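Okay, here's what each chain looks like letter by letter:
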Amino acid sequence: MPEGGKERELCRLIVDIGKSREKSMILSVYFWWSSATVTRPHPETTRKIKSGELTLYSLGARGEAYNDSAVIYFHCSNSESARDRKVLRAGLWTTNTKLTGQAGRSARITILNAAARKIARQLNCLDTANLPETFHKISDPQRSPKNG
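I will try to describe carefully the structure that is included in this document. (Residues numbered from 1 in each chain as written. Predicted model: local features only at pLDDT ≥ 70, side-chain atom pairs only at ≥ 80, totals over all residues. Heavy atoms only, no water.)

### Quick word on the packing of aromatic side chains
Pairs of aromatic rings are described using the distance from one ring centre to the other and the angle between the two planes.
And then number 1: Throughout the structure, instances matching the rule amount to two aromatic pairs.
And then number 2: On the numbers, 5.5 Å between centres and 10° between planes, the contact of Y30 with W32 is stacked. Neither Y30 nor W32 differs from the other in exposure class; each is buried.
And then number 3: Both rings, one in Y57 and one in F135, keep their centres 5.9 Å apart while their planes meet at 80°; by these two values the pair is edge-to-face. Here the residue Y57 occupies a position in strand β3 (residues 55-57), and F135 occupies one in the segment after α2 (101-122), the gap between them amounting to 78 residues. (Phe/Tyr/Trp six-rings, centres within 6.5 Å; stacked < 30°, edge-to-face > 60°. Buried < 20%, exposed > 50% of the residue type's maximum accessible area, 1.4 Å probe, protein only. Helix = DSSP H or I, 4+ residues; strand = E, 2+ residues; numbered from the N terminus.)

Shown next, in the form of structure tokens:
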């Protein structure tokens, strides 16, 4: 996977809609390299959690799910040097409106975690990526400073 700001789509699901056979994308899974600074907490995170827009998960350096998407940032580098550490951002976007609320967010982050684990395994960084097979949401973001 090349380094840089361009995202690389791993998977796209497209279906025919209605009698007209119009094509519509319903799901996309993508990855791109970033600097480690993207894992720092964002000021609006607490507001989004309180309003119910966002759920944090104990995945990678930061895992979060929304009503139509999920994102996991995880470290993946062959170097131990902090200067050379890179982060992969795994993202999932979907138009599926049947998966709503916490159950929908959990489904999205579970699908994305499986894809991220596969990529991390192929890049030989699964051992340090913090992408376990089983995980949980973070119920109190104040207790997890790295996910703030």
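### Some details on the state of the cysteines
And then number 1: In total, this model carries one disulfide according to the counting rule given.
And then number 2: Note on cysteine connectivity: C76 is disulfide-linked to C125, with sulfurs 2.0 Å apart. Judged by the sign of its S-S torsion, about -95°, the cystine formed by C76 and C125 is left-handed. Of the two residues, C76 sits in the loop between β5 (69-75) and β6 (86-94) while C125 sits in the segment after α2, which places them 49 residues apart along the sequence. Take C76 and C125: they sit in the same class, and that class is buried. (Disulfide = S-S within 2.5 Å.)

### A short note on the environment of Q102
And then number 1: With respect to the helices, strands and loops of the structure, Q102 is situated in helix α2.
And then number 2: It is 7.9 Å that separates the C-alpha atoms of Q102 and T55, two residues lying 47 residues apart in sequence.
And then number 3: Residues within four places of Q102 in sequence aside, it is in contact with T55, Y57 and K137.
And then number 4: A distance of 3.0 Å separates a polar atom in the side chain of Q102 from a polar atom in the side chain of T55.
And then number 5: In terms of polar contacts, Q102 uses its side chain to reach the side chain of Y57, at 2.8 Å. (Contact = heavy atoms within 4.5 Å. Polar contact = N/O pair within 3.5 Å; in protein donor to acceptor, adjacent residues only side chain to side chain.)

### A closer look at the nonpolar core
The nonpolar side chains of a soluble globular protein tend to be buried with one another.
And then number 1: Core analysis: the largest hydrophobic core is formed by 24 residues, its most contacted members being F31, I72, F74 and L131.
And then number 2: Looking at this core, the elements with two or more residues in it are β2 (22-35), β5, β6 and α2.
And then number 3: Those residues in contact with F74 that sit more than four places away from it in its chain are F31, G60, A61, K86, V87, L88, A90, A116, A120, C125, A129 and L131. (Core = buried A, V, L, I, M, F, W, Y, C linked by side-chain atoms within 4.5 Å.)

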